[in-house]
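Architecture at a glance
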Amino acid sequence: MANAEIGVIGGSGFYSFLDDVTEVQIDTPYGPPSDSLFLGEIAGRRVAFLPRHGRGHHLPPHRINYRANLWALRSVGARQVLGPCAVGGLRAQYGPGTLLVPDQMVDRTKARAQTYFDGLPLPDGSVPNVVHVSLADPYCPVGRKAALAAARGRDWEPVDGGTLVVVEGPRFSTRAESLWHQAQGWSVVGMTGHPEAALARELELCYTSLTLVTDLDAGAETGQGVSHEDVLKVFASNVDRLRDVLFDAVAALPANDARDCLCTTALGGMDPGFELP
Ligand SMILES: [Zn+2]
């Protein structure tokens, strides 16, 4: 029986060396998630890894089935989710290799299914009610604390807080867009942070974003702009320590039945109209 306590949305660099990884295929009312779930154990905690872009990284950010991904993680028991992702830095001091744990998010995506409460019937005939969750504070305060402490424990001083602006992609920003993002005071720019946090909240999951700066975004530097090659290079050179931080954070998360954060009551007792997985 597949079971997990914690979900990590990240690729094979995070789980490939774990002993006894079990691959589990999950289907959801929204179709299949990005890939199989890979279940393993870290510090006695059962963790489900889900490669966000699929193994081989074939799914661009705007084609990821975010609803299926969060649903699948919850269906195997995960109630707390860590979502590491690569971002561009919007301030000169946030250079490549910066780890920033955001506390705010701005959605600049355009065409993504981003709610479970869209009024459309599910395959089992149930119809979602109209429910509006609060996303004032989009990230789990407990998960953020665990992530920050884990980074400090590995001598990787993180940036505590900041705003992640999520763009549709897959192209990078123009200089004008990037300068505008900077002028708003936002911190980092990525392509996958939304709708993950919003969907997690709708399922009363704890969700924590850990962003790794792989480049300075177009407006924050004067060179040629972002290249995909540079992004991959910086990510690869940081994946080991990011994994260490993730695993330490996993170990520090509370037991699922001991959660007492705002995430656990996101629906405020309202009937979602369907059974949460
Ligand atoms: Zn929480």
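Our structure is the block above this text.
Scoring rules and cut-offs
- Residues numbered from 1 in each chain as written.
- Predicted model: local features only at pLDDT ≥ 70, side-chain atom pairs only at ≥ 80, totals over all residues.
- Helix = DSSP H or I, 4+ residues; strand = E, 2+ residues; numbered from the N terminus.
- Rg over C-alpha atoms; globule rule 2.2 N^0.38 Å.
- Buried ≥ 20, exposed ≤ 12 C-beta atoms within 10 Å, placed from the backbone.
- Contact = placed C-beta atoms within 7 Å.

**Brief notes about the overall build of the protein**
- A tally of helices and strands in the protein yields six helices and eleven strands.
- Against the compact-globule benchmark of 19 Å for 277 residues, the protein has a radius of gyration of 18 Å, which places it among compact chains.
- In terms of its C-alpha atoms, the protein occupies a principal-axis envelope of roughly 55 × 40 × 35 Å.
- The burial tally for the protein puts 46% of its 277 residues in the buried class.
- Across the protein, the fraction of contacts at a sequence separation of at least 24, relative to all contacts at a separation of at least 6, is 80%.

**A closer look at unusual backbone geometry**
- A cis amide bond links Gly169 to the next residue, Pro170, at an omega of -5°.
- Within the secondary structure layout, Pro170 lies in the loop between β9 (163–167) and α4 (175–183).
- Even without a glycine there, the phi angle at Ala43 is positive, about 50°.
- Looking at the element boundaries, Ala43 is found in the loop between β3 (37–42) and β4 (45–50).
- Here Ala43 falls in the exposed class, since 11 other C-beta atoms lie within 10 Å of it.
- Positive phi, normally seen in glycine, also occurs at His57, with a value near 55°.
- Structurally, His57 is set in the loop between β4 and α2 (66–75).

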